[in-house]
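Structural characterization, general
Given next are the chains, with one letter for each unit.
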Amino acid sequence: MSAAVPDLRAFLALLRQAGQLVEIDAPVDPYLEVAEIHKRVIAAHGPALLFRNVKGSDLPVVTNLFGTRGRVELAFGRRPLDFVAQAARLPMELVPPTAGKLWAKRDFLLQGLKLGTTRAARGPVTEVVEEPQLSRLPLLHCHKEDGGAFVTLPLVYTEHPEHGTHNLGMYRIQRHDDRTTGIHWQIGKGGGFHHHVAEQRGQSLPVTVMVGGPPALILSAIAPLPEDVPELLLASLLLGDKLPLCDNPAGPHPLVAQAEVALVGRVPPHVRRPEGPFGDHYGYYSLKHDYPIVQVDRVLRRKDAIWPATVVAKPRQEDYWIGEYLQDLLSPLFPVVMPGVRDLWSYGETGFHSLGAAVVKDRFGREAMQHAFRILGEGQLSLTKFLLVVDQPRDLRDFRGLLAHVLERFHPETDLYIFGRLSMDTLDYTGPEVNKGSRGVMLGVGEPWRTLPQAFQGQLPAGVRDAVAFCPGCLALSTVPHRQEPGLSERLQDAFKDWPLVVLLDDAPRACAEEARFLWTVFTRFEPAGDIWSRTRVVRNHVVHEGTVFIDARMKDHYPAELFCDPDTKALVDRRWKEYFPQGGVEMGDGDWEGVLTAP
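Let me sum up the structure you'll find in this document. (Residues numbered from 1 in each chain as written. Predicted model: local features only at pLDDT ≥ 70, side-chain atom pairs only at ≥ 80, totals over all residues. Heavy atoms only, no water.)

**Considering the overall build of the protein**
Looking only at helices and strands, the protein features 19 helices and 30 strands. Computed over the C-alpha atoms, the radius of gyration of the protein is 25 Å, within 12% of the 25 Å expected from 2.2 N^0.38 for a compact globule of 600 residues. Structurally, the protein occupies a C-alpha span of about 70 × 70 × 50 Å along its principal axes. Contacts spanning at least 24 positions in sequence make up 74% of the contacts within the protein whose residues lie at least 6 apart. Total accessible area on the protein is roughly 23700 Å²; 52% of this is exposed by carbon and sulfur atoms. The average position of the 65 basic charges and that of the 74 acidic charges among the side chains of the protein differ by 2 Å. (Helix = DSSP H or I, 4+ residues; strand = E, 2+ residues; numbered from the N terminus. Rg over C-alpha atoms; globule rule 2.2 N^0.38 Å. Contact = heavy atoms within 4.5 Å. Areas by Shrake-Rupley, 256 points an atom, 1.4 Å probe, with all protein chains shown as cover. Lys, Arg positive; Asp, Glu negative; His and termini not counted. Charge placed at Lys NZ, Arg CZ, Asp CG, Glu CD.)

**Notes on the sheet that holds strand β12 (residues 243–246)**
Overall, mixed pairing links the 3 strands, which are arranged β4-β12-β13 in an open sheet. Each of the sheet's edge strands pairs with one partner strand only, and the pair in question is β4 (117–120) and β13 (255–256). Bridge count between β4 and β12: 4 bridges; the pairing is parallel. Counted as the bridge partner of Thr117 is Leu243 from β12. Helix α9 (residues 231–239) rests against β4 and β12 of the sheet, and its axis sits at about 130 degrees to β12. (Pairing = 2+ DSSP bridges. Axes fitted to C-alpha atoms, helices over the stretch in contact; angles between N-to-C directions.)

**So, the sheet that holds strand β1 (residues 21–24)**
Taken in spatial order, the 4 strands of this open sheet run β1-β2-β3-β20, and their pairing is mixed. If you trace the sheet from one side to the other, it starts and ends with β1 and β20 (307–308), each paired once. Across 4 bridges, β1 lies against strand β2 (residues 48–51) in parallel orientation. Following the sheet pairing, Ile24 is matched in β2 by Phe51.

**Structural notes on the packing of aromatic side chains**
The full count for this structure, using the stated rule, is 22 aromatic pairs. Taken together, a centroid distance of 4.8 Å and an interplanar angle of 90 degrees make the contact between Tyr320 and Trp321 edge-to-face. Accessibility assignment for this pair places Tyr320 and Trp321 in one class, buried. Taking the centre distance of 6.3 Å and the plane angle of 80 degrees together, the rings of Trp577 and Tyr580 count as edge-to-face. Placement of the pair is Trp577 and Tyr580 together in helix α19 (residues 567–580), with a separation of 3 residues, close to one helical turn. (Phe/Tyr/Trp six-rings, centres within 6.5 Å; stacked < 30°, edge-to-face > 60°. Buried < 20%, exposed > 50% of the residue type's maximum accessible area, 1.4 Å probe, protein only.)

**A word on the pattern of salt bridges**
On inspection of all chains with the given rule, the structure shows 44 salt bridges. Two residues, Arg302 and Glu260, come together in a salt bridge whose shortest N-O distance is 3.4 Å. Separated by 42 residues along the polypeptide, Arg302 in the loop between β19 (293–301) and β20 and Glu260 in the loop between β13 and β14 (261–267) bring together distant segments of the chain. Shared partners join several salt bridges into a network, and the residues in it are Asp7, Arg9, Glu260, Arg302 and Asp304. (Salt bridge = Lys/Arg side-chain N within 4 Å of Asp/Glu carboxyl O.)

**Here's the deal with a nonpolar patch on the surface**
A cluster of nonpolar side chains, namely Leu333, Val336 and Val337, defines an oily patch on the protein surface of about 210 Å² accessible area. Assignment of secondary structure puts Val337 in helix α11 (residues 334–337). (Patch = residues over 30% accessible without salt bridge, like charges linked within 9 Å, V, L, I, M, F, W, Y side chains within 5 Å.)

**Overview of the environment of Ser478**
Along the chain, Ser478 falls in strand β27 (residues 474–479). The spacing of Ser478 and Gly463 is 15 residues in sequence and 8.4 Å in space, taken between C-alpha atoms.

**Considering empty space enclosed by the protein**
Under the criterion given, the structure shown has 6 cavities of 30 Å³ or more. Looking at the lining of the largest cavity, its residues break down into 8 nonpolar, 2 polar and 2 charged. Approximately 80 Å³ is the volume attributed to the second largest cavity. Along its surface, the second largest cavity is lined by Phe386, Leu388, Phe399, Leu403, Met442, Cys474, Leu501, Val503, Phe518, Val522, Phe523 and Ile551. Of all the secondary-structure elements, those providing two or more residues to the lining of the second largest cavity are β23 (386–390), α13 (399–409), β28 (501–505) and α17 (515–523). (1 Å grid on protein atoms, 1.4 Å probe; cavity = no way out; pocket = protein on both sides within 12 Å on 5 of 7 lines; lining within 4 Å. Points joined across faces, edges and corners; volume = space filled by probe spheres on them. Nonpolar A, V, L, I, M, F, W, Y, C, P; charged D, E, K, R; others polar.)

**Remarks on the side chain of Thr180**
Positionally, Thr180 belongs in strand β10 (residues 180–182). Setting aside chain neighbours within four positions, we find Thr180 in contact with Leu134, Gln174, Arg175, Arg273, Ile293 and Val294.

**Considerations on the layout of surface pockets**
Quantified by volume, the second largest pocket comes out at close to 290 Å³. Along the wall of the second largest pocket there are 18 residues; nearest its centre are Trp185, Gln186, Ile187, Tyr291 and Pro292. Elements represented by at least two residues in the lining of the second largest pocket include exactly α7 (190–200) and β18 (289–291). Here the lining of the second largest pocket takes 5 residues from α7, the largest share from any one element.

**Some points on the nonpolar core**
Generally speaking, nonpolar side chains in soluble globular proteins are found buried as a group. Grouped together as the largest cluster of nonpolar side chains are 73 residues, with contacts concentrated most on Phe66, Leu329 and Val441. No other element matches helix α10 (residues 318–330), which puts 7 residues into this core. The contact partners of Phe66, leaving out residues within four places of it in the chain, are Phe11, Arg71, Val72, Ala75, Phe76, Pro215, Ile218, Glu318, Trp321 and Ile322. Ranked by size, the runner-up nonpolar core spans 44 residues in total, among them Ile24, Ala26, Val294 and Val299. (Core = buried A, V, L, I, M, F, W, Y, C linked by side-chain atoms within 4.5 Å.)

**Considering the packing of helix α8 (residues 215–222) against α9**
It is the contact of α8 with α9, at a shortest axis distance of 8 Å, that shows an interaxial angle of 135 degrees. Accordingly, the angle class assigned to the pair α8 and α9 is oblique. By crossing handedness, the relation of α8 to α9 is classed as right-handed. Across the interface between the two elements, Ala216, Leu217, Leu219 and Ser220 of α8 pack against Glu231, Leu232, Leu234, Ala235, Leu238 and Leu239 of α9. (Parallel < 35°, antiparallel > 145°, perpendicular 65-115°, else oblique. Left-handed = near helix turned anticlockwise from the far one by under 90°.)

**Some remarks on the pairing of strand β11 (residues 205–211)**
In terms of burial, β11 is largely enclosed, as 6 of its 7 residues are buried. Here 3 bridges tie strand β7 (residues 155–159) to β11, and the two strands are oriented antiparallel to one another. Each residue of the ladder has a partner; that of Val156, found in β11, is Val209. Where β11 and β14 come together, 7 bridges link them in antiparallel fashion. Following the sheet pairing, Val207 is matched in β14 by Gly265.

**Considerations on helix α2 (residues 33–43)**
In terms of burial, α2 is a largely internal element, 11 of the 11 residues being buried. Looking only at α2, the buried set comprises Glu33, Val34, Ala35, Glu36, Ile37, His38, Lys39, Arg40, Val41, Ile42 and Ala43. Residues of α2 that are buried in the fold lie against β1, β2, β3 (61–63), α10 and α19. His45 sits one or two residues past α2 and shows a positive phi near 60 degrees.

So this is what it looks like as structure tokens:
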């Protein structure tokens with residue numbers, strides 16, 4: 001079980017060796033400019049970027065570490081994937097246990113002895129201990145309407161006030177002043193649960209915000225692990241060795257010894273400050289809301305610390321590639337945790353939570369819904385807004401093919417479920433108010449029973465400009481804006497009665513040009529209870545849907561603004577491109593849209 005990349009420095013060395021790191025010596029501004037350069041480069045599937053001369057700080061900044069599938073594989077490799085897959089097979093292969101079976105698995109079982117943590121008195125992250133002056137750290141202000149500068153790769157460590165179990169999560173950190181930050185604890189997050197308990201006791205919650213260290217920490221911090229399952233154990237698994245910790249001279253929590261920087265402080269009870277807006281991974285601004293604060297007591301760092309950062313915007317960004325690897329890593333465990341679930345996939349193009357798909361067992365009537373409920377009750381999967389369910393093995397990443405497969409089998413009367421008045425992902429603003437919304441489940445089980453239409457033939461009704469078949473059975477329409485005719489779906493019902501699914505859009509040809517673009521445009525712009533329409537009746541307290549099902553995915557007036565580049569910053573980066581890259585060889589992509597959604 002060979003060890004993986006032990007820290008940021010080792011990863012940068014690997015990237016240099018692979019020709020995947022470019023250093024920028026020209027002075028750059030952390031206000032918008034760094035983020036715009038990053039977005040241009042990742043749009044063209046370019047290299048990681050090390051900014052040596054960042055205005056206002058002595059620390060260099062590195063971005064785009066995980067901006068391609070290849071760099072993610074370089075950071076983590078095959079070993080964790082093989083280890084988890086083998087672990088998932090153990091219940092079948094070792095039960096009942098025998099001496100022979102255990103001996104055959106001795107190499108794998110011995111690998112487990114390497115998992116865990118070690119502890120030392122000091123580490124590289126404790127080389128400098130200083131009073132907080134957060135304005136000297138190169139936090140990025142990524143989008144024009146952002147509420148300030150943010151730590152965009154924070155590793156937030158807390159411990160439960162009652163029993164001491166830890167949580168390592170990635171919760172965005174907005175700099176308020178030299179000694180204070182916000183902390184964006186969304187609903188359903190482990191660190192937020194710790195703070196809730198501390199607040200009920202009237203206590204401050206100690207917190208450590210680390211930046212840098214082993215790349216395995218980033219993957220562990222965003223993994224959808226069950227509550228109280230230790231993220232540091234997953235980090236150790238990814239490393240292939242014990243994770244080195246060290247004592248904390250400024251607080252009660254241990255530190256990851258190889259981290260670059262650590263902000264040590266506490267979250268006081270019953271204190272809130274406005275946080276945001278922030279351009280997030282859905283491709284829109286999340287709005288300003290009150291969130292807890294972190295009072296920073298000390299800053300610990302390496303003498304020559306490097307500040308890793310990322311930029312979140314329209315997909316596909318770095319979080320997309322990390323999320324794909326994470327799903328590949330954990331997918332063998334789904335049938336172990338949920339025995340009726342054969343395969344499961346969340347679509348990064350939609351921000352992950354907006355759309356999921358599953359292959360489940362359906363051995364008796366409606367068993368598929370039993371497994372759908374199981375998925376929607378599992379940890380962060382419970383935030384899935386819309387779930388497609390099939391019972392025959394197929395490639396869930398092929399969304400066009402999957403949707404056609406579902407629609408061939410879909411009976412709207414019995415196979416569409418909408419559950420209202422539920423919680424929803426904090427960053428999804430399609431619901432009636434923040435944190436509130438609905439879920440939808442669409443089944444496509446059994447044998448196909450209908451032939452799907454391939455293209456629309458006929459006269460387009462008033463208010464419709466284009467009719468584009470995204471896939472067999474799914475018709476996308478360009479229509480008048482939502483504010484002009486909110487109830488358009490009902491008027492169009494009879495005009496498209498041959499189609500099982502019709503999607504209302506502002507620009508259907510553009511949305512249908514790429515599968516990824518369709519996923520992003522549709523599933524980030526509708527909420528099941530508010531934006532799905534069909535003729536309905538109630539039978540035995542079940543809402544029966546009849547005829548064509550409409551999804552209204554037009555932009556609504558209450559949605560936050562879509563993310564676009566600031567024109568002045570875009571012009572600045574255009575003008576300075578050769579200054580950033582005097583040796584050439586780095587392509588300039590379009591940070592607003594084109595190329596971002598296309599996989600390398």
